[in-house]
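One-letter residues, chain by chain:
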Amino acid sequence: DLEARSGMSTSAVEMSVERRLPDVDSDRQRFPFCVVWTPLPLITWLFPVIGHMGICTSAGVIRDFAGPYYVSEDDMAFGKPTKCSLLATCTCTCRVHDCMHCYRYWRLTPYKVRSAEWDDAVRLASEEYSERMHNLFCDNCHSHVAMALNLMQYDGSTSWNMFKLALFMLVYSRYVSFWAFLKTWLPFFLVVTLVVLLVVLVP
């Protein structure tokens, strides 16, 4: 089991991993090893699961495909992230690939993604997308993040795509604050309330 293979107690393994993972600091907009998400005006108001996505370096700097031939750095398009999902990297020394910490966010098993490889993949994907036309439906911010994960072969996979990322972000991400939750969902609830009132009150 976990404890036997690592030679450490489960709690000790988790503490060892936790100490080596950089902290998320939403106030400073630093999200090391994270995929981040923020609402899109109008679109997210009607479809709350659709938004704008970026991927962060090991230092927490956000890179996002913000528009045609442009990948922003440390200035996320459409506002500060409201959700993030930590992608655990193999920075621990426990040598246990299925340690409990790795399942805390995306429930993926990290395959020795080192910080330098992570940053190289984010940089290369950003350079590639800085030469691409933005297409809302087939080559967008999600595609940029997917390329970075494919380049680093995150979780031993090169099949990351926009649909898989959208699903994982919906299921496994967390809101950075209560206000971030409101920013994401309040416009949608207001629109729904307005529609319901119009249906009920207008003869």
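Since this is a predicted model, take the numbers as computed values, not measurements.

The rules behind these values
Residues numbered from 1 in each chain as written. Predicted model: local features only at pLDDT ≥ 70, side-chain atom pairs only at ≥ 80, totals over all residues. Heavy atoms only, no water. Helix = DSSP H or I, 4+ residues; strand = E, 2+ residues; numbered from the N terminus. Buried < 20%, exposed > 50% of the residue type's maximum accessible area, 1.4 Å probe, protein only. Contact = heavy atoms within 4.5 Å. Areas by Shrake-Rupley, 256 points an atom, 1.4 Å probe, with all protein chains shown as cover. Core = buried A, V, L, I, M, F, W, Y, C linked by side-chain atoms within 4.5 Å. Polar contact = N/O pair within 3.5 Å; in protein donor to acceptor, adjacent residues only side chain to side chain. Axes fitted to C-alpha atoms, helices over the stretch in contact; angles between N-to-C directions. Parallel < 35°, antiparallel > 145°, perpendicular 65-115°, else oblique. Nonpolar A, V, L, I, M, F, W, Y, C, P; charged D, E, K, R; others polar.

(A) Structural detail: the overall build of the protein chain. Looking only at helices and strands, the protein chain has 7 helices and 6 strands in total. Mapped from its N terminus to its C terminus, the protein chain presents α and β elements in the order α-α-β-α-β-β-β-β-α-α-α-β-α. Here the protein chain holds 203 residues, and the buried ones make up 44% of them. Here the analysis covers contacts within the protein chain between residues at least 6 apart in sequence; of these, 63% occur between residues at least 24 apart. With the model as given, the accessible surface of the protein chain reaches about 10,900 Å², and the carbon-plus-sulfur share is 61%.

(B) Examining the environment of tyrosine 154 more closely. Tracing the backbone shows tyrosine 154 in the loop between helix H5 (141-151) and helix H6 (162-172). Distance from tyrosine 154 to leucine 87, taken between C-alpha atoms, is 8.9 Å for residues 67 residues apart in sequence.

(C) Summary view of the nonpolar core. Of all hydrophobic cores here, the largest spans 31 residues; its most connected members are Val36, Met53, Ile55, Trp118 and Leu149. Only strand E1 (34-39), strand E2 (51-56), strand E3 (62-67), strand E5 (83-86), helix H4 (115-129), H5 and H6 provide two or more residues apiece to this core.

(D) Representation of the environment of leucine 170. Checked against the element boundaries, leucine 170 lands in helix H6. Judged by its relative accessible area of 46%, leucine 170 is partly exposed. It is 9.4 Å that separates the C-alpha atoms of leucine 170 and lysine 83, two residues lying 87 residues apart in sequence. Excluding anything up to four places from it in sequence, leucine 170 contacts Val49 and Lys83.

(E) Inspection of the side chain of threonine 184 at higher detail. Tracing the chain through its elements places threonine 184 in helix H7 (residues 178-201). The buried category is assigned to threonine 184, whose relative accessible area is 1%. A distance of 3.2 Å separates a polar atom in the side chain of threonine 184 from a polar atom in the side chain of threonine 82.

(F) Representation of unusual backbone geometry. At leucine 42, a residue that is not glycine, the phi angle is positive and equals roughly 70°. As for its position among the elements, leucine 42 is in the loop between E1 and helix H3 (43-46). With relative accessibility at 55%, the residue leucine 42 sits in the exposed group. Its identity is not glycine, yet phenylalanine 78 carries a phi of approximately 70°, on the positive side. Note on placement: phenylalanine 78 falls in the loop between strand E4 (70-73) and E5. Owing to a relative accessible area of 43%, phenylalanine 78 belongs among the partly exposed residues under this scheme.

(G) Fine view of the packing of H5 against H6. At a minimum axis distance of 8 Å, the contact between H5 and H6 shows a crossing angle of 95°. In terms of axis orientation, H5 runs roughly perpendicular to H6. Residues His142, Ser143, Val145, Ala146 and Leu149 of H5 form the contact with H6, whose own contacting residues are Met162, Leu165 and Ala166. In the contact of H5 with H6, the residues fall into 6 nonpolar, 2 polar and no charged.

(H) Molecular detail of the environment of proline 48. Looking at the element boundaries, proline 48 is found in the loop between H3 and E2. With a relative accessible area of 10%, proline 48 lands in the buried category. Sequence separation of proline 48 and phenylalanine 189 is 141 residues, and the distance between their C-alpha atoms is 9.7 Å. Setting aside anything within four residues of it in sequence, one finds proline 48 in contact with Trp37, Thr184, Trp185 and Phe188.

Distances and angles like these do not, on their own, reveal function.
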